[in-house]
Structures are given as C-alpha cells and as structure tokens.
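# Commentary on secondary and tertiary structure
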Amino acid sequence: MNQTRIPILDLKPQYESIKDEIHIAVNNVLESGQFIMGPDVKLFEQEVSNYLGVKHAIAVNSGTDALVIGLRALGIGLGDEVITTPFSFFATAESISNVGAKPIFVDIDPQTFNINPELIEASITPQTKAIMPVHLYGNPAAMAKILAIASKHNLKIIEDCAQSFGAKYCSTCCQNDCPEEIRSAISAKHTGTIGNVGAYSFFPSKNLGAYGDGGLIVTNNDQTAEIARMLRVHGAKKKYHNELLGYNSRLDTIQAAILRVKLKHIDSWNQKRRKVAQLYNQLLIDTQEIITPTLAGGHVFHQYTIRVLDGKRDQLKQHLADQSISSMIYYPTPQDKLPVYQGQYPDYPVSNKLGSEVLSLPIWPELRTDTIKYIVEQIKHYYING
Ligand SMILES: *Cc1c(COP(=O)(O)O)cnc(C)c1O
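In this report, we go over the structure that sits alongside the text. Note that this is a predicted model, so its numbers are computed, not measured.

For the ligand, the set of nearby residues contains 15 residues, the closest of which are Gly-63, Thr-64, Asp-160, Ser-201 and Lys-206. Side-chain polar atom of Asp-160 to a nitrogen atom of the ligand: 2.8 Å apart, as the coordinates give it. Listed by contribution, the elements that provide at least two residues to the shell around the ligand are α3 (63-73) and α4 (91-98). Tallied by class, residues from the shell around the ligand come to five nonpolar, eight polar and two charged.

If you trace the seven strands from one edge of the open sheet to the other, you get β1-β9-β8-β5-β4-β2-β3, paired in mixed fashion. Every interior strand has two partners, whereas the edge strands, β1 (56-60) and β3 (102-105), have only one. Strand-to-strand, the axes of this sheet are offset by a mean angle of 25°, without reference to chain direction. Alignment of strand β8 (residues 197-201) against strand β9 (residues 215-219), held across four bridges, turns out to be antiparallel. Opposite Tyr-200, over in β9, you have Leu-216 as the bridge partner. Seen against the sheet, α3 touches β1, β2 (81-84), β4 (128-132), β5 (156-160), β8 and β9 and runs at an angle of roughly 165° to β8. Contacts from α4 reach β2, β3, β4 and β5 within the one sheet, and its direction differs from that of β3 by about 140°.

Approximately 460 Å³ is the volume attributed to the largest pocket. The set of elements that each furnish at least two residues to the lining of the largest pocket consists of α3 and α4. Top contributing element to the lining of the largest pocket by residue count: α3, with three residues. By residue class, the composition of the lining of the largest pocket is 13 nonpolar, 10 polar and four charged.

Because each turn of an α-helix spans 3.6 residues, side chains separated by three or four positions end up pointing in the same direction. Taking 1.5 Å of rise per residue, the 18 residues of helix α9 (residues 266-283) would be expected to cover 26 Å, and the 26 Å separating its terminal C-alpha atoms lies within 8% of that figure. Residues Ile-266, Trp-269, Asn-270, Arg-273, Arg-274, Val-276, Ala-277, Leu-279, Tyr-280 and Asn-281 constitute the buried set of α9.

A separate point is helix α12 (residues 369-385). An ideal rise of 1.5 Å per residue puts 24 Å on 17 residues; α12 measures up with 24 Å between its terminal C-alpha atoms. If you check which residues of α12 are buried, you get Thr-371, Ile-372, Tyr-374, Ile-375, Val-376, Gln-378, Ile-379, Tyr-382 and Tyr-383. Summarising the contacts, the buried residues of α12 are in contact with α9, β12 (290-291), β13 (304-308), α10 (313-322) and β14 (358-361).

Next up on the list: the nonpolar core. In terms of nonpolar packing, the biggest core is built from 38 residues, with Tyr-280, Tyr-304, Leu-316 and Ile-379 touching the most fellow members. At the level of secondary structure, the elements contributing two or more residues to this core comprise α9, β13, α10, β14 and α12. Here this core takes seven residues from α12, the largest share from any one element. Apart from the residues lying within four places of it in its own chain, the contact partners of Ile-379 are Leu-284, Ile-290, Leu-316, Leu-320 and Leu-361.

A few words on the packing of helix α2 (residues 39-52) against helix α8 (residues 253-263). Helix-helix packing: each pair is described by the crossing angle between the helix axes and the interaxial distance. One way to put it is that α2 packs onto α8 with a least axis distance of 8 Å and a crossing angle of 35°. The interaxial crossing formed by α2 with α8 has left-handed handedness. On α8, the residues touching Asp-40, Val-41, Leu-43, Phe-44, Glu-47, Val-48 and Tyr-51 of α2 are Thr-253, Ala-256, Ala-257, Leu-259, Arg-260 and Leu-263.

If you walk across this open sheet you meet the three strands as β12-β13-β14, and the pairing is antiparallel. Two strands bound the open sheet, and with one partner strand each, they are β12 and β14. As defined by bridge partners, β12 adjoins β13 across two bridges and the pair is classed as antiparallel. Directly across from Ile-291, in β13, lies its bridge partner Arg-307.

Parameters and conventions
- Residues numbered from 1 in each chain as written.
- Predicted model: local features only at pLDDT ≥ 70, side-chain atom pairs only at ≥ 80, totals over all residues.
- Heavy atoms only, no water.
- Near = heavy atom within 4 Å.
- Polar contact = N/O pair within 3.5 Å; in protein donor to acceptor, adjacent residues only side chain to side chain.
- Helix = DSSP H or I, 4+ residues; strand = E, 2+ residues; numbered from the N terminus.
- Nonpolar A, V, L, I, M, F, W, Y, C, P; charged D, E, K, R; others polar.
- Pairing = 2+ DSSP bridges.
- Axes fitted to C-alpha atoms, helices over the stretch in contact; angles between N-to-C directions.
- Contact = heavy atoms within 4.5 Å.
- 1 Å grid on protein atoms, 1.4 Å probe; cavity = no way out; pocket = protein on both sides within 12 Å on 5 of 7 lines; lining within 4 Å.
- Points joined across faces, edges and corners; volume = space filled by probe spheres on them.
- Expected span 1.5 Å × (residues − 1).
- Buried < 20%, exposed > 50% of the residue type's maximum accessible area, 1.4 Å probe, protein only.
- Core = buried A, V, L, I, M, F, W, Y, C linked by side-chain atoms within 4.5 Å.
- Left-handed = near helix turned anticlockwise from the far one by under 90°.

Below, the structure written as structure tokens:
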C-alpha cells in the first residue's frame, strides 16, 4: 500500500471547513486596526465564560501565562508549595517554580495518567498552599476527591486545563464513568470551573486552538479575577497607575476573532475525537500487548494514548514510522526528571513506568475511518511479525 505519511495531527481539514468564516473574522480585525484589546477580545471572553459556565474569563497570551497569572492571583509565591503531577508538560511545574513556589510531585494513577488523589494527603506540609491537577490528554482528573482534600486542608485548586477544553466532570453521581447522554442531563461541570482557577491554552494543536499563542484564566471569584486582569497588563487597573509587578500578556484581537469562530464548533469537534478514540479502542480490543485508554464520559481526547507493554514501545513506534505513521511520546521525561530539577526529587514509580510505555497515536476530529483502520492494521502486523 502506497500510503502518504500520516501525521500525528492534521490541522488542514478543520481550517478548510471554516475557512470563509475565519477570513471574514480576520479581515474585520485588519480593517478595524484594533489589534490589541479590540472588541473581539471582550466578546470572546463573554462567549467563552457562557460556554464554560463560569463568572469570569480573562484572555491572556498563552496557557503558561494563564498558569503563572492564575497562581499569582491566588496569592501563591515565594516559599509556598504546590502539589501537582510529575506526568505533564513542563509548563505545569515551570509555572509553579516561576512564581517562586516549589512543585511537590505526587505519583499518578495508571488508569487515568492523572494525579492519584489517594497519595495527595501524605504530601501536604504547613507550606502547602494549592493543588494543581492536570486533566491530561483531555481526561478530567479525580476532582471530587481533590476538592474534598483541598477543603479539609484549606488549599486552593488551580486546574491545568491546557488539554481539556470542552471536557466536563461530573462529581455528584457517577465519578465520571456514566455515558455522556446521561451526564449532559445532570450537573456535570466544565473542567477549570471546579477549583478556584482554571487555566486554558489555545496553542494551535490544543482542542480549541488559535492560529498562534493564546490562553485563558477562568474563575468564579471576583477578587481573583480582578488581580488576574491587572497582572495581564503590567499590574494596572488604570493606565499608568501600576499597583503590582505584572506582565504584558494580552490575547491578540486577531486570535480572539479566530477563537470566536472556532468556539461554535468545539462540541462537535470533541464529539468526533471521542468517536475516533472509540473506534481505536474497538479495533484494538483483542491486542493483549496494549492497554487502551478509558472512554470515561468526560474525556475529550486531546491525545489518544495507549500503553505498550513488555518494553516494546520504542520498537512499535519505529515500526509505525517505517509504515509512514507518526506517533508521539507525551512525555519522554517526567517533569521531576528534567535537567532543571536534577537531583531534587525522589522516584515516582508509576509515572516512570508509564513514561516508558505511553504512545500517542494520530488523532484529530476529521481523522478518517479507513486511516484509523490502516494504523491499527499496522500495529497488529507488528505483533504478528515482530
Ligand atoms: C500546552 C500545555 C501548557 C502550556 O500552554 P501554552 O499555551 O503552550 O503556554 C501547559 N500545560 C499543559 C498540560 C499543556 O499541554
């Protein structure tokens, strides 16, 4: 079969499907000349806060900035400890370190790849100020348990939602395992609106991606929102009256205009991602050497990530590459093992083990059924012939 290369992510089909709307939106901004804090920024903030069901939405320059500003708006800084997962992109821990606090890593749950709530309490010290769960790959972390711990120990929660735009978590009835049809009828909440602050990224590859960098802070707290708004523009409420050491971290008007177009489609795109994941799971069901991800109701599959057992991950990845199929390892090195933190942390056995097993396969909303079947066929060939 003479297959063209299958990328890990193809943004083109989505762009093609909304091209006309995007061009009109971008043109309007160009004509208006209001490139910084133009009307689309405010409108996007209103629309996205409506969509998420949260009182305040503050658009910023990146997901990383959303985490940093979110932490500072919660009053977290020098000498504080923030509990988080070792198994994430470095921006998670980096944001904590950059505000002067110390990331305290807690090992993960092998089923969900997310922070294991049963291990959190043992890591709480008098310095602990907050918990930063990450909804990794688009799968909501165990928020009910995390909320209970935070409330018992008087800790803040800041959710890293960079990979989970559109994901909903249901804490009341079913611990997130019931079918989506049932969930929508009950009080499931969007990730980011459960803790004190949620931080989103609009990096182009994220589920809701801009055509450049972008991020968002959400909160239901008026004071937190006010500080975040100040920190976004050099710590000033009033121009030339700077009260805090802030940042220059605004979302470009052009990106806001693009995100307004894309926000209207996000549920249908996430639904399609779930369909892709469902088909992969079905087709891989009898492949014993692979563990497929759970299809929990709230999962929006930013990544479709399998566990490859028996030390075969790198070989399988190479086999797929030989068949022109891209796959990725998110993340090859857990945060605690990165050179920047060398020698500072003990071992987190589950995180280490999963780091050597995970393999993310191609996923995007428009990924075709025949392509998925081809990818799975090639995985099966590896096990038959290898
Ligand atoms: C992408 C990402 C970020 C950072 O977002 P940027 O917009 O790239 O700054 C933070 N945390 C996680 C888990 C991410 O995947």
